[in-house]
Amino acid sequence: MKQTKWWKNAVVYQIYPRSFQDSNGDGIGDIPGVISRLDYLADLGIDVIWLSPVYESPQDDNGYDISDYYAIYHEFGTMEDMEALIREAEKRGIRIVMDLVANHSSDEHPWFVEARKSKDSKYREYYIWREGEKNQPPNELTSVFSGSAWEWDEGSGAYYLHLYSRKQPDLNWENADMRRDMYQMINWWLDKGIGGFRLDVIDTIGKVPDQMITTNGPKLHEYIQELSRETFQNYDIMTVGETWGANVDNAKLYSNPDGSEFSMIFQFEHICASWSEYGKWKQEKKDFVKLKKIFSRWQKELWGKGWNSLFWNNHDLPRVVSSFGDDGRYRVESAKALATFLHGMQGTPYIYEGEELGMTNISMKDVSQIRDIESLNIYEELRQKGWTHEQLMAAINGAGRDNARTPMQWDDTENAGFTTGTPWIEVNPNYREINAKAELEDENSVLHYYKKLIALRKSEEWKDVFTDGEYVPFMDEDEDVFVYARVLGEKKLYVVGNFHEVERIVVLPEAIKEVLLSNYQETEKNELQVALRPYEAFIAKV
Ligand code: GLC
Ligand code: CA
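Residues numbered from 1 in each chain as written. Chains lettered and ligands numbered in written order. Predicted model: local features only at pLDDT ≥ 70, side-chain atom pairs only at ≥ 80, totals over all residues. Heavy atoms only, no water.

*Asks:* Help me out: how do you make sense of the coordination of the calcium ion (ligand 2) in this one?
*Replies:* Angles between donor atoms at a metal ideally measure 109.5 degrees for a four-coordinate tetrahedral arrangement and either 90 or 180 degrees for a six-coordinate octahedral one. Around the calcium ion (ligand 2), the protein contributes the donor atoms Asp22 (OD), Asn24 (OD1), Asp26 (OD), Ile28 (O) and Asp30 (OD), which lie 2.3 to 2.4 Å from the metal centre. On the primary sequence, the residues serving as donors to the calcium ion (ligand 2) are separated as D-x1-N-x1-D-x1-I-x1-D. Residue classification places aspartate 22 among the buried positions, given a relative accessible area of 6%. (Donors = N, O, S within 2.8 Å, 3.2 Å for Na, K, Ca; no water. Buried < 20%, exposed > 50% of the residue type's maximum accessible area, 1.4 Å probe, protein only.)

Okay, here's the thing in structure tokens:
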């Protein structure tokens, strides 16, 4: 009998703990805050929480700089709180997937502290050092957070590599002792009963800095297979690798159904489709035909050969309703259409906190409002290249990571119910209209739509079609509408929608029998020909 892995039918909800719920009035979200909202998440219908890093950290990059993998960052709570979260989630049928940052540690991790002290320390080789002269870095490699990727260490008279901030030195995966310590720590967490890991920028662990190779290094899959063998394969868990450098070919390795690497990866082709030579800071107009073709290729190529993760948002990306939808007049309709388009496909869907409310980007006017290290650094870098303050704020408001990190909007009381103190980052002023409490009371809210969408995906009748059905796209060249079928034997669903504000008549390949879910209230559709209103989307049985 064919066994379906539990995570193929799961829906994941990502929590950025700093911004989700503060429990003690210090303005910073925490683990007890997460526990207090578990009923909300259970009601939404999700199966897994991916928790962004909660380990001990100086918070240079909000926890993606870990100084102790075995401890909880004190402002987020204690190890007891973490264990309580795992137990309380489990009671509600929810698994906790932790975020594992294995490409780098904090410079305050004892390994790095020791490594820095002496060239003879066994920890020296846990990191990547190059001899040289001050002010003459080994090569031109740059950090994702601006500037050189090489930092001069005065004390030991050498450079160390950091693909991210200088407080995030890269670990050396060539070193077998480092790898062994890493596996031991991973197993220690797995033994606590967590549901798996999301692996931060894992496609850079095979880097060859001297050849300017960062992602997809020659030994990458060798390392991942060893990691998987020594840890993940002994547990019934889900794993998802963050891989900006993925393509459909290596994705088949990463998500090989034989379980030799991960359950799935996050690939970013749909996100980067409109980027320019300035990356996300300068983007072309979104090309919907191109976008559909990217999705279709991933859907078809991985069918039976791998597994997709489906996402529009995370803590590094602007809010989907602002970037791909309409966060003004058609906010509610477009948020629902985007969800329909994505969740209808094959793969494991991810919802980022607030996405289920249709939360939007925030508009900042001043540098003092920015919290994210990436945005602060790019501001300096591009200012020096002649960009104006206005251009920079527009770029940051459009693509910066703080858009995803403004506090979760729970209700219309001060600070959106996130904190009774002063929030570490400002609340989006639209919280009086957009918040969970109001949406729970409104049957037609984005939140209710997400609940119905999740329920439909999990319904006894349609579950196997969503999980295993073949993806068949139609009207690939159409600039406004998306139409695809999911087919499993005799069972067939159509996902149909309008990506834009224009009204459109669409002639479907087959007449539909019954609309199962729609983002407009009156939907009488049982014809070949359907008229789509602005951002109208539905899933129907044919
Ligand atoms: C990943 C994380 C991001 C972090 C970076 C460095 O891309 O998602 O938030 O800044 O890795 O750890
Ligand atoms: Ca707190």
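*Asks:* Can you help me understand the pairing of strand β2 (residues 48-51) in this one?
*Replies:* On any regular strand, side chains alternate: one points to one face of the sheet, the next to the other face. Burial of the side chains of β2 extends over both faces: Val48 and Trp50 are buried on one face and Ile49 and Leu51 on the other. By the bridge criterion, four bridges tie strand β1 (residues 12-15) to β2 in an arrangement that is parallel. Bridged to tyrosine 13 within β2 is isoleucine 49. Here β2 runs beside strand β5 (residues 95-100); their pairing, made up of four bridges, is parallel. The partner of leucine 51 across the bridge, within β5, is methionine 98. (Helix = DSSP H or I, 4+ residues; strand = E, 2+ residues; numbered from the N terminus. Pairing = 2+ DSSP bridges.)

*Asks:* Help me understand the site of ligand 1, please; the structure alone is not making it clear to me.
*Replies:* Inspection of the region around ligand 1 gives 14 residues, with Asp61, His104, Asp200, His315 and Asp316 positioned closest. Interatomic distance of 3.0 Å between a side-chain N/O atom of arginine 198 and an oxygen atom of ligand 1. One of the side-chain nitrogen or oxygen atoms of glutamate 242 is found 2.9 Å away from an oxygen atom of ligand 1. Isolated, ligand 1 exposes 310 Å² of accessible area, and the fraction of that covered by the protein chains is 98%. In this structure the site holding ligand 1 corresponds to the largest pocket. (Near = heavy atom within 4 Å. Polar contact = N/O pair within 3.5 Å; in protein donor to acceptor, adjacent residues only side chain to side chain. Areas by Shrake-Rupley, 256 points an atom, 1.4 Å probe, with all protein chains shown as cover. 1 Å grid on protein atoms, 1.4 Å probe; cavity = no way out; pocket = protein on both sides within 12 Å on 5 of 7 lines; lining within 4 Å. Sits in = over half its atoms within 2 Å of the grid points.)

*Asks:* Mind showing me how you'd approach the layout of surface pockets here?
*Replies:* Any space left empty among the atoms is revealed by the rolling of a water-sized probe across them. By volume, the largest pocket is sized at about 940 Å³. Lining the largest pocket are 37 residues, with Ser143, Val144, Phe145, Tyr164 and Glu374 positioned closest to its centre. Secondary-structure elements contributing two or more residues to the lining of the largest pocket are β13 (279-283) and α12 (373-384). Of the residues forming the lining of the largest pocket, the biggest block, four residues, is contributed by α12. Broken down by class, the residue content of the lining of the largest pocket amounts to 13 nonpolar, 11 polar and 13 charged. Both of domain 1 (11-105 + 177-357) and domain 2 (110-161) provide at least three residues apiece to the lining of the largest pocket. Roughly 440 Å³ of internal volume is contained in the second largest pocket. Of the residues that constitute the lining of the second largest pocket, the class distribution is eight nonpolar, 10 polar and seven charged. (Points joined across faces, edges and corners; volume = space filled by probe spheres on them. Nonpolar A, V, L, I, M, F, W, Y, C, P; charged D, E, K, R; others polar. Domains from an automatic or database assignment.)

*Asks:* Looking at this structure, how should I read the sheet that holds strand β16 (residues 470-474)?
*Replies:* Within a sheet, adjacent strands bond to each other through the backbone by hydrogen bonds, running parallel or antiparallel. If you walk across this open sheet you meet the five strands as β16-β17-β18-β22-β20, and the pairing is antiparallel. Every interior strand has two partners, whereas the edge strands, β16 and β20 (514-518), have only one. Direction aside, the axes of adjacent strands within the sheet are offset by 25° on average. Relative to strand β22 (residues 537-541), strand β18 (residues 491-498) runs antiparallel, the two sharing five bridges. When the sheet's bridge partners are listed, glycine 497 is paired in β22 with alanine 537. Along the sheet face, helix α16 (residues 446-458) touches β20 and β22 and points at about 135° away from the line of β20. (Axes fitted to C-alpha atoms, helices over the stretch in contact; angles between N-to-C directions. Contact = heavy atoms within 4.5 Å.)

*Asks:* What is the right way to read the sheet that holds strand β7 (residues 150-153) from this model?
*Replies:* Pairing is antiparallel in the open sheet, where three strands are placed in the order β6-β8-β7. The open sheet has two edge strands, β6 (129-130) and β7, and neither has a second partner.

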